[in-house]
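If you want the building blocks of each chain, they are given just below.
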Amino acid sequence: MNKIAVIICVYKNDTFEQFKQMFESLEKQTLKNFDIFVQLDGKIKSDLYSYLDNLKNSSKIVYLGKREENKGFAYSLNELVNIVLETVQYKYIVRMDSDDICMIDRIEKQYKFMEENPQIYVCGGWIEEFNIDDGSSQIIKYPEKNSEIIAHLAKRNPIAHVTTFLRADFFHKVGLYDTSKLNEDLDLWIRALAQGVLFYNIQEVLVKVRTSDDFFSRRKNFKRAVEVMQLKIIATKVFSFGIKGYIYAVLHFILFMSPSWLKSTIYKNLRG
């Protein structure tokens, strides 16, 4: 009986080739005892649709949810989480994006860590971003221990959502993703940490993440920028970050709305 459920959302911009590379990185994992749950968030490209159907028919995917209406990322994640929770055999839920690539031993390392550290409910790790346009790459490091993760909230999101390996009980404790949020992961982490849920980041790259030259222009969104600022202000109040927390919140908003070239320069120099 598999204890691990990997959940993946797919939507219209996902491509067959990128999904295939992601799926192959799961097939090559050193620990193979996991089940895969996929939710389609609206209509997707025909070649990818056929590929997913074939995977479902070959039993490599245990659940394939189909929906023609796009309802959003958080909504789709909640659908998958609820389905996994209804199947009580699963002890862990693993997040995976449809266009990223797992390191070959990612699941094994996180599984062993969680088995050895029952007090931890969320385990993440570092990511390696690779630009599909110019071939450049950089490693993004995240703080290790829970106290460091909380302190890091003042500056930026301290957990890479794409690397998370969670106890299924986490969602019983904290609740589901807030579908009204554009930054559903940051909101979830703040709620969890405020309740005393313990986090940990493995100090090595677990997932390779695609970026592109238009990454920053696509993410320039006023509503998203305002929401992040509001979440950081909430975190500042909850965790008593003081004046620096409010300063970081405002600076993040200004950075988020700044020209793409400036955002890219700051991002590359300060985020690694």
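Anything mentioned here points back to the structure above.
This report concerns the structure included in the present document. Because the structure is a prediction, the values reported are computed rather than measured. (Residues numbered from 1 in each chain as written. Predicted model: local features only at pLDDT ≥ 70, side-chain atom pairs only at ≥ 80, totals over all residues. Heavy atoms only, no water.)

All right, on to the pattern of salt bridges then. All told, the structure shown has 12 salt bridges when counted by the stated rule. Between K112 and E108 there is a salt bridge, and its shortest N-O distance comes to 3.1 Å. Separated by 4 residues within a single helix, K112 and E108 lie in helix 4 (residues 106–116), roughly one turn from each other. On the accessibility criterion, K112 (44% relative accessible area) is partly exposed. Of the residues examined, E108 reaches a relative accessible area of 22% and is grouped as partly exposed. Members of the salt-bridge network, linked through shared partners, are D41, R67 and E79. (Salt bridge = Lys/Arg side-chain N within 4 Å of Asp/Glu carboxyl O. Helix = DSSP H or I, 4+ residues; strand = E, 2+ residues; numbered from the N terminus. Buried < 20%, exposed > 50% of the residue type's maximum accessible area, 1.4 Å probe, protein only.)

It is worth spelling out the environment of S212 at this point. Within the secondary structure, S212 is located in the loop between strand 9 (198–211) and helix 8 (215–218). Relative accessible area serves as the criterion here: at 13%, S212 is assigned to the buried category. A C-alpha to C-alpha distance of 8.1 Å links S212 and F130, two positions 82 residues apart in sequence.

Moving on, we get to the nonpolar core. Within the largest apolar cluster, 43 residues are counted, with the highest numbers of intra-cluster contacts made by I8 and F19. Those elements that provide at least two residues to this core are strand 1 (4–10), helix 1 (16–27), strand 2 (34–40), helix 2 (46–57), strand 4 (92–95), helix 4, strand 6 (120–131) and strand 9. The element that contributes the greatest number of residues to this core is strand 9, accounting for 6 residues. Contact partners of F19, with chain neighbours within four places excluded, come to I8, V10, L48, Y51, L52, L55 and S98. F37, I83, L188 and W189 belong to the second largest nonpolar core, which has 39 residues in total. (Core = buried A, V, L, I, M, F, W, Y, C linked by side-chain atoms within 4.5 Å. Contact = heavy atoms within 4.5 Å.)

Further remarks concern the pairing of strand 4. Neither face of strand 4 is open: one carries Y92 and V94, the other I93 and R95, and all of them are buried. With 4 bridges joining them, strand 1 and strand 4 adopt parallel strand pairing. By the bridge assignment, A5 is partnered in strand 4 with I93. (Pairing = 2+ DSSP bridges.)

Once that is clear, we can look at the packing of helix 7 (residues 184–194) against helix 9 (residues 222–239). Closest axis-to-axis distance for the helix 7/helix 9 pair is 10 Å, and the angle between their directions is 10°. On the basis of their axis angle, the class for helix 7 and helix 9 is roughly parallel. Packed against helix 7, whose contacting residues are L186, D187, I190, L193 and A194, the element helix 9 presents V228, L231, I234, A235, V238 and F239 at the interface. Residues belonging to the contact of helix 7 with helix 9 are distributed by class as follows: 10 nonpolar, no polar and 1 charged. (Axes fitted to C-alpha atoms, helices over the stretch in contact; angles between N-to-C directions. Parallel < 35°, antiparallel > 145°, perpendicular 65-115°, else oblique. Nonpolar A, V, L, I, M, F, W, Y, C, P; charged D, E, K, R; others polar.)

This paragraph deals with the state of the cysteines. Per the counting criterion, the structure on display carries 0 disulfides. Cysteine C9 is unpaired, with the sulfur of C102 as its nearest cysteine sulfur at 15 Å. We classify C9 as buried; its relative accessible area is 10%. We note that C102 lacks a disulfide partner, and the nearest cysteine sulfur, in C123, lies 13 Å from it. Owing to a relative accessible area of 6%, C102 belongs among the buried residues under this scheme. (Disulfide = S-S within 2.5 Å.)

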